[in-house]
There are 2 protein chains.
Amino acid sequence: MAKFDEEHIAAKLHELEVACHRRRLPVTVQRRVIYETLLRRSDHPTADQLYADVRRRLPGISRTTVYRVLETLVELGLAMRIPNRQAVVRYDPNTEQHHHVICVLCDRVEDLEGVPLAERPIREQAEVTGFEVLDCTMVVRGVCPDCRDDYRRRTLANSS
Amino acid sequence: MAKFDEEHIAAKLHELEVACHRRRLPVTVQRRVIYETLLRRSDHPTADQLYADVRRRLPGISRTTVYRVLETLVELGLAMRIPNRQAVVRYDPNTEQHHHVICVLCDRVEDLEGVPLAERPIREQAEVTGFEVLDCTMVVRGVCPDCRDDYRRRTLANSS
DNA sequence: GTTCGTGCAAACAATTTGCATAAGT
DNA sequence: ACTTATGCAAATTGTTTGCACGAAC
């Protein structure tokens, strides 16, 4: 799995180069390191979490750059923003269609793979509104295992 | 339709009173006016848009109160937050299950009613991750009619 | 009368912008 | 050489908090 990961990361970094060349954007160290850092995390980090992480390899990097590079990655189709309930953007390097569960208490995000979505009816309905559909994602709100006890406690307190 | 709307709004305002009593929360003017204003809009307003609107009826109201009351409405189950790509929260007084299309350019939100979602497989998959599922919504990203030309123009420019 | 809400001002956090400098091509 | 990105500091935006006063039960 480790070897596969390295191969996977190398392949993805190559994709970054190709995408940059196609758009005539320079392949900077920052872009490479930020993308690689994002690829190595599976926890859908926020820009600030990535900043803290990237800083260890590039101590001089600025927070601004992290924000800017992440948006560039989104434009290049190499990352996606996850819509979440808080006013913090989270990023995911997996741009294949998949869904997310978000904990309503701690805001943790988890992937839901292998749920083929019946997109057809949604696309059709969306086109009734005049929208041109780009993609659809399921956002599942829930309570993660770590917060379950806390959640039960609160719910009981409210219904009293 | 107008008469129905008024009846509908009266019924919903009554729901607010019931919900407040049940939780032993005072039914304040602000709560009533903010909820009614939200009910009369179908554009999924942000807290700030509602503030501007509510101000006309309650000139002395503070922005803080609008934010606080909206969160109370969510807790009471009378409104829901819509996850959107920007760092701005939007509110919807329709708490029935329904989905949303969001314009990637202007961030406008439209309802998608009548798309029965096959929730079963999603819930099952979510429970594999250990999450207790509360609800699931489809988030469709797309381009609204007003932004379509702009979008086509940008896309062509990028692929050149 | 007691509890909870409201308004204000100030704090905060996440994100964006303008501009001079430094890299990448 | 030329273009585009980067780093810094400052500005902006959306939202939250502490506290004194006022309204609802």
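Being a predicted model, the structure only gives us computed values, none of them experimental.

Draft legend 1. Structural context of the protein's contact with DNA strand D. For DNA strand D, the set of nearby residues contains 22 residues, the closest of which are T28, R31, T65 and R68 of chain A together with V89 of chain B. Protein-adjacent atoms of DNA strand D, using a 4 Å cutoff, are sugar or phosphate at a proportion of 69%. A distance of 2.7 Å separates a phosphate oxygen of DNA strand D from a polar side-chain atom of R31 of chain A. Here a phosphate oxygen of DNA strand D sits 3.1 Å away from a polar atom, N or O, in the side chain of Y67 of chain B. Mapped onto the surface near DNA strand D, the elements with two or more residues apiece are α2 (29-40) and α4 (63-75) of chain A together with α4 (63-75) of chain B. Along the lines of polarity and charge, the residues of the surface near DNA strand D split into eleven nonpolar, seven polar and four charged.

Draft legend 2. Structural detail: the sheet that holds strand β3 (residues 99-103) of chain A. Ordered in space as β4(A)-β3(A)-β5(A)-β5(B)-β3(B)-β4(B), the six strands form an open sheet in which the pairing is mixed. Across the chains shown, the open sheet's two edge strands, defined by having one partner strand only, are β4 (109-112) of chain A together with β4 (109-112) of chain B. Across this sheet, the average inter-strand angle for adjacent strands is 30°, counted without regard to direction. Contacting β5 (132-143) of chain A together with β3 (99-103), β4 and β5 (132-143) of chain B, helix α5 (residues 119-128) of chain A crosses the sheet at an angle of about 120° to β5 of chain A.

Draft legend 3. Structural context of the protein's contact with DNA strand C. The immediate surroundings of DNA strand C are formed by 22 residues, with V89 of chain A together with T28, R31, T65 and R68 of chain B found nearest. Expressed as a percentage, the sugar and phosphate content of the atoms of DNA strand C within 4 Å of the protein is 70%. At 2.9 Å, a backbone N or O of V27 of chain A approaches a phosphate oxygen of DNA strand C. Those elements that place two or more of their residues in the surface near DNA strand C are α4 of chain A together with α2 (29-40) and α4 of chain B. Looking at the surface near DNA strand C residue by residue, the class counts come to eleven nonpolar, seven polar and four charged.

Draft legend 4. Quick look at the state of the cysteines. All names here are of chain B. Applying the stated rule across the entire model yields zero disulfides over all chains. C106 carries a free sulfur, and the closest cysteine sulfur to it, the one in C103, is 3.7 Å from it. Relative accessible area serves as the criterion here: at 38%, C106 is assigned to the partly exposed category.

Draft legend 5. Just unusual backbone geometry, in detail. Residues and elements named next belong to chain A. The residue R24 is not glycine, and still its phi comes out positive at about 60°. Positionally, R24 belongs in the loop between α1 (2-22) and α2. Assessed through its relative accessible area of 70%, R24 is described here as exposed.

Draft legend 6. Spotlight on the relation of the copies chain B and chain A. In screw terms, the move from chain B to chain A is a rotation of 180° and a rise of 0.0 Å along the axis, fitting with an RMSD of 0.1 Å. What the rotation and shift describe, once combined, is the action of a two-fold rotation axis. Looking at chain B, 100% of its interface residues are interface residues in chain A too, so the copies touch through the same face.

Draft legend 7. Fine view of the domain arrangement of chain A. Residues and elements named next belong to chain A. In terms of domains, chain A is made up of domain 1 (1-94) and domain 2 (96-160). For domain 1 and domain 2, the distance between their C-alpha centres works out to 24 Å. Taken together, the ten residues of domain 1 in the interface contact 13 residues of domain 2. Carbon and sulfur atoms supply 48% of the area that domain 1 and domain 2 bury against each other, a total of about 980 Å² over both sides. Where domain 1 packs against domain 2, one counts zero salt bridges. The interface formed by domain 1 and domain 2 includes six residue pairs in polar contact (both at pLDDT 80 or more). A class-by-class count of the residues in the side of domain 1 that touches domain 2 yields three nonpolar, four polar and three charged.

Draft legend 8. Local environment of the packing of α2 of chain B against helix α3 (residues 47-57) of chain B. Residue and element names in this part refer to chain B. Running from N to C, α2 and α3 cross one another at 120°; their axes reach a closest spacing of 10 Å. Judged by the angle between their axes, α2 and α3 are oblique. Judged by the sense of rotation from one axis to the other, the crossing of α2 with α3 is right-handed. Only L50, D53, V54 and R57 of α3 make contact with α2, whose side of the interface consists of V33, I34, E36, T37 and L38. By residue class, the composition of the contact of α2 with α3 is five nonpolar, one polar and three charged.

Draft legend 9. Molecular detail of the pattern of salt bridges. Residues and elements named next belong to chain A. This model, assessed by the stated rule, comprises 27 salt bridges over all chains. Note that R41 is salt-bridged to D53, the shortest N-O span being 3.1 Å. Of this pair, R41 sits in the loop between α2 and α3 (47-57) while D53 sits in helix α3, placing them twelve residues apart in sequence. A cluster of three or more residues bridged by salt bridges with shared partners is formed by E6, E36, R40 and R57.

Draft legend 10. Focus on the interface of chain B and chain A. Across the contact, 43 residues belong to chain B and 43 residues belong to chain A. Between chain B and chain A, the buried area comes to about 3,700 Å², and carbon and sulfur atoms account for 63% of it. For the chain B face of the interface with chain A, the top three residues by lost area are F131, E132 and L134 of chain B, together amounting to 18%. Counting every contact that joins chain B to chain A gives four salt bridges. Here R141 of chain B and D135 of chain A are joined by a salt bridge, their closest N and O atoms 3.1 Å apart. For the interface between chain B and chain A, the tally reads twelve residue pairs in polar contact (both at pLDDT 80 or more). When residues of the side of chain B that touches chain A are traced back to their parent elements, those giving at least two are β3, β4, α5 (119-128), β5 and α6 (148-159) of chain B. By residue number, the principal contributor to the side of chain B that touches chain A is β5 of chain B, which donates twelve residues.

Criteria and cut-off values
Residues numbered from 1 in each chain as written. Chains lettered and ligands numbered in written order. Predicted model: local features only at pLDDT ≥ 70, side-chain atom pairs only at ≥ 80, totals over all residues. Heavy atoms only, no water. Near = heavy atom within 4 Å. Polar contact = N/O pair within 3.5 Å; in protein donor to acceptor, adjacent residues only side chain to side chain. Helix = DSSP H or I, 4+ residues; strand = E, 2+ residues; numbered from the N terminus. Nonpolar A, V, L, I, M, F, W, Y, C, P; charged D, E, K, R; others polar. Pairing = 2+ DSSP bridges. Axes fitted to C-alpha atoms, helices over the stretch in contact; angles between N-to-C directions. Contact = heavy atoms within 4.5 Å. Disulfide = S-S within 2.5 Å. Buried < 20%, exposed > 50% of the residue type's maximum accessible area, 1.4 Å probe, protein only. Least-squares fit on C-alpha atoms with pLDDT ≥ 70 in both. Domains from an automatic or database assignment. Buried area = accessible area lost by both parts, 1.4 Å probe. Salt bridge = Lys/Arg side-chain N within 4 Å of Asp/Glu carboxyl O. Parallel < 35°, antiparallel > 145°, perpendicular 65-115°, else oblique. Left-handed = near helix turned anticlockwise from the far one by under 90°.

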